[in-house]
Structure formats: structure tokens, C-alpha cells
Amino acid sequence: MGTYGEAGLGALGDPTRRAIFEHLAERPRSVTELASELPVSRPAVSQHLRALKEAGLVTDRASGTRRIYQVDPEGVLRLRAYLDRIWTDAFAAFKAAAEADDTKE
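## Comments concerning the environment of S30
Then step 1. Here S30 is to be found in strand β1 (residues 29–30).
Then step 2. Along the chain, S30 and R61 lie 31 residues apart, while their C-alpha atoms are 9.8 Å from each other.
Then step 3. The residues contacting S30, other than those within four sequence positions of it, are R66, R67 and I68.

Printed below as a string of C-alpha cells:
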């Protein structure tokens, strides 16, 4: 499970991919639509979408001669589970450190 979360997090580390992902979170779009809404060429949008798809964050479907991309809810759930696990571990470590510090007083 961590691998998918890490891949998603890495994919969203790029500002352009994050912007594309945020646009897709609003509604499904084609490469042409995304390129018209962002300062990025269609080939660049396609490359970023490929990375988001490989990370499991978006899916696509055929619609005539176009492909329509949308956020993959399962991929977002995997990313959220990964982040939840990281936060849980971080809070547990903080709590343990705070309690250890209390015993020194």
C-alpha cells in the first residue's frame, strides 16, 4: 500500500501535475481542455497525465476520438491511507517523546 501512496505523492510533487490533478478534481477533461486552461502544451499535458496515471491517481476512457481523464477515487484513497499512516506514526512518535520528556521532570 505504501508504494502506491508514495508514487502518488511523488507525482503530485510537480506543480504542473498538481494543477492538472486539481482541474480534474473539478470534473473530467480531455487533454485539449486541460491545455487550453493551463500554460502547458498538449504534448506536455499528455506526459503529465501519463505520470499521474502510472501513479494511480487518474484514469482515462475513450470518448469518440478523444480520451477523457478523471481522478481515480481508489488512487486518492490509497494516497490518503498513506498520508494517514505517516501522520499516525508522526503523532505517536511525538506523544512518546512528550511523555518521555514528562518523566524526566
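## Quick notes on helix α4 (residues 42–54)
Every α-helical turn comprises 3.6 residues, leaving residues that sit three or four positions apart pointing alike.
Then step 1. Taking 1.5 Å per residue as the helical rise, α4 with its 13 residues ought to reach 18 Å, and the 18 Å between its terminal C-alpha atoms agrees with that figure.
Then step 2. Looking at α4, one finds that the buried residues are A44, V45, H48, L49 and L52. End-on view of α4: buried residues confined to an arc of 135°, all on one side of the axis. For α4, exposure combined with an orientation more than 90 degrees from the buried face picks out P43, Q47 and E54.

## A word on the pairing of strand β2 (residues 58–63)
Then step 1. As defined by bridge partners, β2 adjoins strand β3 (residues 66–71) across six bridges and the pair is classed as antiparallel. Across the sheet, the residue bridging to D60 is Y69, located in β3.
Then step 2. Where β2 folds back onto β3 in an antiparallel hairpin, the turn is made up of two residues, including G64, whose phi is positive at roughly 70°.

## Re the nonpolar core
Soluble, globular proteins show a tendency: their nonpolar side chains are buried together.
Then step 1. One finds I20, F21, L24, V45, L49, L52 and L57 to be the most contacted residues of the largest nonpolar core, which totals 20 residues.
Then step 2. Contributing elements (two or more residues each) for this core: α2 (15–26), α3 (31–37), α4 and β3.
Then step 3. No other element matches the four residues that α4 contributes to this core.

## Quick look at the environment of L12
Then step 1. Looking at the element boundaries, L12 is found in the loop between α1 (2–11) and α2.
Then step 2. Discounting chain neighbours no more than four positions away, the residues touching L12 are R17, R18, F21, L52, L57 and L79.

## Looking at a nonpolar patch on the surface
Then step 1. A cluster of nonpolar side chains, contributed by L9, L83, W87 and F91, occupies part of the molecular surface with about 420 Å² of accessible area.
Then step 2. The element contributing the most residues to the nonpolar patch is helix α5 (residues 73–103), with three residues.
Then step 3. With respect to the helices and strands, W87 occurs in helix α5.

## What to know about the packing of aromatic side chains
Then step 1. Scanning the model with the defined rule gives one aromatic pair in all.
Then step 2. Centroid distance W87 to F91: 5.4 Å. Interplanar angle 25°. Geometry classified as stacked. In this pair, W87 and F91 both sit in helix α5, four residues apart, roughly one turn of the helix. For the pair shown, W87 and F91 are each scored as exposed.

Conventions adopted
Numbering of residues begins from 1 in every chain and follows the order in which that chain's sequence is written. Since the coordinates come from a predicted model, pLDDT governs what is reported: local features require at least 70, and pairs of side-chain atoms require 80 or more to be given and counted, while whole-chain, interface and lining totals use all residues. Side-chain metrics rest on all non-hydrogen atoms present in the structure, leaving aside hydrogens and water. Secondary structure elements follow DSSP: runs of H or I no shorter than four residues count as helices, runs of E no shorter than two count as strands, and numbering proceeds from the N terminus. The contact rule is simple, with two residues in contact once any of their heavy atoms fall within 4.5 Å. Given a helix with a known number of residues, its expected span is that number minus one, times 1.5 Å. Burial status follows relative accessibility: with a 1.4 Å probe on protein chains alone, a residue under 20% of its type maximum counts as buried, one over 50% as exposed, and anything between as partly exposed. The arc under discussion is defined with respect to the helix axis, by the directions toward the C-beta atoms. Between any two strands, pairing holds if DSSP finds at least two bridges. In these notes, a set of buried Ala, Val, Leu, Ile, Met, Phe, Trp, Tyr and Cys residues joined through side-chain atoms within 4.5 Å is what counts as a nonpolar core. Patch construction takes residues with relative accessible area above 30% that form no salt bridge. Like charges are linked within 9 Å, and nonpolar side chains (Val, Leu, Ile, Met, Phe, Trp, Tyr) are linked within 5 Å. A 1.4 Å probe and the Shrake-Rupley method give the accessible areas. Residues count as covered only by the protein chains that appear here. Each reported salt bridge corresponds to a side-chain nitrogen of Lys or Arg within 4 Å of a carboxyl oxygen of Asp or Glu. Whether two aromatic rings pair depends on their centres lying within 6.5 Å, for rings of Phe, Tyr and Trp, where Trp uses its six-membered ring; planes under 30 degrees apart make the pair stacked, over 60 edge-to-face, and the rest tilted.

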